[in-house]
Each structure stands twice: as C-alpha cells, then as structure tokens.
Amino acid sequence: MDTQAQQTTSEQTTLAFEIGLLLLLALIWGSSFTLIKVAIPSIPPFTMVAARVTIAAILLLLIARAQGHALPRRGSVWAAFLVQGLLQSALPFTLISWGEAHIASGLAGVLNATPPMFVLAIAMMSGRGRQTVSGRKILGVALGLAGVAVTMGGDALSGIGTTAPLAQAAVLCASLCYAVAPIWGQRFSGLPAIVTAAGAMSCAAVLMLPAAAVLERPWTLAPPPAQAIAAVIAAVIALAVICTAFAMVIYFRLIHTLGPLGTTSGSYLRAGFAVALGTAWLGERFSWSSLAGMALILAGVVAVTVPAPARTGKTATGAPSRN
C-alpha cells in the first residue's frame, strides 16, 4: 500500500507539473496577441512571421546542438517536419498576424480559443476517437467555450460576422491549424522535444522566407517611426525567442504528456490572457465578467486534462490523459 501511495503521489505531482506547463504556455501564447498588435502596424504579416520563425529556428538549432542532439537524416522525417512547421507555425502565425491588422488582439484571442472544438470534432469523426472521448471531456470543452464567451462579453461577441469578417475567418482558420498540428505532432513521440521543435521551425523558416521576399519585399519597407522602433523590435524578438522557440519546446512535451485535446485546452486560458494583456497594454475594452469567465475556463481545463478516477476494483494510474 505504501508503494502504491507513493506511486500515486508521484504521478499526481507529475500531472500538476504538466498542467503548470500548460498554464505557462497559455500565458506565453496569450501575450503573443498583444505583441503582434504592437508590431503589425510597422511590419507586414509575412515579413513579421518570417523574422519570428527564422530567429526561433536558429535559437532552437543552437540549443539542440548544445545539448548534444543530432537532427534526423531521413527524408521522410523532414517531410513530416515540413507539414508540422506549416500547421503549427507558418500558416497560423501568418493568418493571425494578418487578422490582427483588422481586429482587436482580445477578439483574435477568443476566436483562437476554438482548437479544442476542432480536435473534439476530429476525434468524434474517427472510430478510434469516438471510443476515447468521454462525456466529461465534452463537458470540459463546453465549459471552456462558455468561459471564453463570458470573458469577452456580449458586446465583443456580437461583432463576430459583422466587423472585418475576413480577418475573423482567418483567425478561425488558424485555430483549425492548431487543432490538426498536435494530432500530426504525435508521430514525433520518439524524438526529443527540442529536436522536433528545431526541425519543424526550420521548415517553417524555409517556407516563410521566400514567401515574404516575393510578396512583401521587406527591403523596400519604410522603417517604423522613431518613437515606435524600440517597441516594435522588442515585440518581434519576444515573439521569436519566448513565444516561439521557448514555447515550442513546452508544446511538444505537452503533446506527449497531455495529448492533443489536453494541450489545445490551454487555448481557453490563452484567450483570457490575451484579453487581460490587451486591456492592460493596449487599452482594449475590459469587463469584470472576465473573472467569472476565467473561473469557467479553469473548470474546463481541469475537466479536459485531469484523468477520471479509476473504477472500483481497478488500479488508478493517475497518468496524464492523452485524449
């Protein structure tokens, strides 16, 4: 009994650590909406994303090498990295950056809180997923979406479909990318997280650099105003180093420990942080209903990520859910 109790305590501690990482990732990615809003008036979306993923790729490659990891040599692995880089970085980063040129960062955050709905739909449409998605997780998704709605408030949500509809659709398409990316990313479970992050980000840079060069010709762009240049440079560096390189290492770890649905459930918290930071830094509209919304969001995250108690007569594993 003592051994079992120690094992259960250790597993609970591990789960608490993983959920802590999920909270940290949500904060980091929630702040990215604010940082994008700071930079997008001066740097167009393809150029911003190209700079973001290139700096992140270089940093991740250096870290991987410093840790003694060798990158895979098989072409099939790099083809999979290319798809991962497109789904997780190149395409959604560009869609969100373009969208935020037309809508508030908080609204972009709430629209980007929908990946768990897409993940759940994909799981339900597959025979395998239909067996593993529980009613508790469906309830968690519903609680999270309700929390997002309350956090944003009725006035903000009422603008959906009438204000910059193409920008809103772009952010929703980014959410679909974020839903598919962790499902695809499960194939890299045999690789260290830093190697997967470095490979996928390198492929994202390969995609974005020529796209920016052809579509926006960044060398012809006017520099930001003198009073804004420091903030713009700081925003791009923070997006690359913290919101991309550091965040991706956490992200690929969580895919292995919490699974696609558990990992994407952090998008609810990301929305709350995006609203709060947009209010504090950018003066976007704030409502005290955010407090009630965050409570619902937290309840949804717990329902999606924490495993159900073991049935009577069976041993509880306490392992993090992968569904």
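Note: the structure precedes this text.
Source: prediction; values computed, not measured. (Residues numbered from 1 in each chain as written. Predicted model: local features only at pLDDT ≥ 70, side-chain atom pairs only at ≥ 80, totals over all residues. Heavy atoms only, no water.)

Across all of its chains, the model carries one salt bridge by this definition. In this structure, the salt-bridge partner of Arg253 is Glu18, at a minimum N-O distance of 2.6 Å. One end of the pair, Arg253, is in helix H11 (residues 229-257); the other, Glu18, is in helix H1 (residues 2-39), with 235 residues separating them in the sequence. According to the relative accessible area criterion, Arg253 is partly exposed, its value standing at 35%. (Salt bridge = Lys/Arg side-chain N within 4 Å of Asp/Glu carboxyl O. Helix = DSSP H or I, 4+ residues; strand = E, 2+ residues; numbered from the N terminus. Buried < 20%, exposed > 50% of the residue type's maximum accessible area, 1.4 Å probe, protein only.)

Here we come to a nonpolar patch on the surface. Judged by side-chain polarity, Leu24, Leu27, Ile55, Ile229, Ile233, Ile237, Val241, Ile242 and Phe246 come together as a nonpolar surface patch covering roughly 700 Å² of accessible area. Ranked by residues supplied to the nonpolar patch, first place goes to H11 with six residues. Examined against the element boundaries, Ile233 turns out to sit in helix H11. (Patch = residues over 30% accessible without salt bridge, like charges linked within 9 Å, V, L, I, M, F, W, Y side chains within 5 Å. Areas by Shrake-Rupley, 256 points an atom, 1.4 Å probe, with all protein chains shown as cover.)

What follows is about helix H5 (residues 115-125). Turning to H5, its buried residues number three or more, namely Pro115, Pro116, Val119, Leu120 and Ala123. The arc that holds the buried residues of H5, viewed along the axis, is 135°, so those residues lie on one side. (Arc of directions from axis to C-beta.)

With that settled, consider the packing of aromatic side chains. Considering all chains together, one arrives at five aromatic pairs under this definition. For the ring pair Trp29 and Tyr251, a centre distance of 5.6 Å and an interplane angle of 50° mean the geometry is tilted. Residue Trp29 is located in helix H1, and its partner Tyr251 is located in helix H11; the two are separated by 222 residues in the primary sequence. For the pair Trp29 and Tyr251, one class covers both residues: buried. Grouped by ring-pair contacts, the aromatic residues Trp29, Tyr178, Tyr251 and Phe252 constitute a single cluster. The residue whose ring lies beneath Arg52 is Phe93, and the NZ or CZ to ring-centre distance is 3.7 Å. Over the face of the ring belonging to Trp184 we find Arg187, whose NZ or CZ atom lies 3.4 Å from the ring centre. (Phe/Tyr/Trp six-rings, centres within 6.5 Å; stacked < 30°, edge-to-face > 60°. Lys NZ or Arg CZ within 6 Å of the ring centre and 35° of its normal.)

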